[in-house]
Amino acid sequence: MCRFYFVSAFAFLLVFGAVFGKISRRLPADGPLFKEKPPWLKVCKRSDPNLGKCLNDMFVDMFPELAKGIPEANISPFEPLYLDTVSVSKGAGPITLAGSFINLTVVGPSNATPTFTNLDIANKKMYSGIFLPLLDIKARYNLKGNILVLPLVGHGSCDLKLYKVDTKVHSNLSFPKIDGREILQIDHMNVNFKVGGMRVHLRDLFNGNEVLGQTLNNFLNQNSNEIITDLSESIGKSLGEILKELMNEIFSKIPTDLWLRVEDENDDTEKENSEKTNT
Ligand SMILES: *[C@@H]1O[C@H](CO)[C@@H](O)[C@H](O)[C@H]1NC(C)=O
Ligand SMILES: *[C@@H]1O[C@H](CO)[C@@H](O)[C@H](O)[C@H]1NC(C)=O
């Protein structure tokens, strides 16, 4: 079964994905809801004046678990992240591209750092940031198009490195119920990002013509800022789709009563405290 993927992958995906339209990742079937709080899940209170800080710490603790995978929730590891296909389709502008990347291996999502988190429950909005120092991607590619002034055509293996991927994400939320328990659901994500640098190496371009291939690779690397800028809108869209699926993968399995508590509800700490006082 092929579903959309998940989290930290995102930065990488951003770039590739951005360019490109559709991404698929092989995932296991939907997992069950967590009945009890997993040990790595930090609990926050809705009334906490520093709720954003608490939630950001929650993400800091959660990301390494996602990287390792969470078997009890049927979440497969994100480090390395494997993607079957990233389809590419951009028909207008200085860069046009059509084709796909296949069998992608992405190393780096486990180093994702949540930089800030603001949750506005009343207005069902979240504003957050994630920083990825490096996304190191290896894949097969099959592409045809034009990059600024040069044509690009070829298929073979490729390496792509993205440095310092800094994202800012606006999310629209809803709070549906599963089995009578409320979950947080991300309905839409708008992703803005900056990339500090990019290195690309496409092998066997132009049917293996070394001279043309070298020329194009040099050109791609020399113009990486311009290329990323031209692709940023489509990348941001793909990234939003990817991240949304990723975050929903985990949040659909942890009811809010486990991590976003209403005062006194299931508050073990306070219960324990009051039991001690009563005896
Ligand atoms: C992708 O990986 C699968 C499974 O390892 C393999 O069968 C397939 O040939 C690969 N595709 C390409 C284009 O390398
Ligand atoms: C997200 O929320 C904003 C502000 O309420 C709204 O303008 C926008 O249309 C929403 N986006 C989607 C895709 O629902």
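Residues numbered from 1 in each chain as written. Chains lettered and ligands numbered in written order. Predicted model: local features only at pLDDT ≥ 70, side-chain atom pairs only at ≥ 80, totals over all residues. Heavy atoms only, no water.

J.: I tried to follow the overall build of the chain on my own but got confused; where do I start?
T.: A tally of regular secondary structure across the chain gives five helices and twelve strands. Looking at the chain as a whole, 50% of its 279 residues are labelled buried. When contacts within the chain are restricted to residue pairs at least 6 apart in sequence, those whose partners lie at least 24 apart make up 72%. A total accessible area of about 13200 Å² is found for the chain, and carbon and sulfur atoms account for 52% of it. (Helix = DSSP H or I, 4+ residues; strand = E, 2+ residues; numbered from the N terminus. Buried < 20%, exposed > 50% of the residue type's maximum accessible area, 1.4 Å probe, protein only. Contact = heavy atoms within 4.5 Å. Areas by Shrake-Rupley, 256 points an atom, 1.4 Å probe, with all protein chains shown as cover.)

J.: Please explain unusual backbone geometry as it appears in this structure.
T.: Phi is mostly negative for residues that are not glycine, and the peptide bonds are mostly trans. The phi dihedral of Asn103 falls on the positive side, at around 50 degrees, and the residue is not glycine. On the secondary structure map, Asn103 appears in strand 5 (residues 95–107). Judged by relative accessible area, which is 53%, Asn103 ranks as exposed. With a phi close to 50 degrees, Lys164 is a non-glycine residue in the positive phi region. Among the structural elements, Lys164 can be located in strand 8 (residues 150–174).

J.: Looking at this structure, how should I read the confidence of the model for the chain?
T.: A low pLDDT means the predicted coordinates there should not be read in detail. Summary statistics for the chain give a mean pLDDT of 82 and a share of 82% for residues scoring 70 or more. Confidence drops under pLDDT 50 across residues 1–22; counting only partners more than four residues distant or on other chains, this segment forms 118 contacts. Segment residues 269–279: pLDDT under 50, and three contacts once partners within four positions in sequence are set aside and those in other chains are kept. (pLDDT = per-residue confidence, 0-100.)

J.: Please clarify how the site of ligand 1 should be interpreted in this entry.
T.: In the vicinity of ligand 1, the contacting residues are Ile102, Asn103 and Arg140. Burial of ligand 1 by the protein chains amounts to 28% of its free accessible area of 360 Å². (Near = heavy atom within 4 Å.)

J.: Would you mind going over the pattern of salt bridges with me for this structure?
T.: Opposite charge on two side chains allows them to pair when their charged atoms are near. With the rule as written, the count across this model stands at eight salt bridges. Residue Asp159 pairs with Lys138 through a salt bridge whose shortest N-O separation is 3.7 Å. Linking Asp159 in strand 8 with Lys138 in strand 7 (residues 125–147), this pair joins segments that are 21 residues apart in sequence. By relative accessible area, which is 17% here, Asp159 ends up buried. (Salt bridge = Lys/Arg side-chain N within 4 Å of Asp/Glu carboxyl O.)

J.: Help me out: how do you make sense of the site of ligand 2 in this one?
T.: Ligand 2 sits among Lys125, Asn172 and His188. Here Lys125 contributes a side-chain N or O atom positioned 2.7 Å from an oxygen atom of ligand 2. Within the complex, the protein chains bury 32% of what would otherwise be the 360 Å² of accessible surface of ligand 2. (Polar contact = N/O pair within 3.5 Å; in protein donor to acceptor, adjacent residues only side chain to side chain.)

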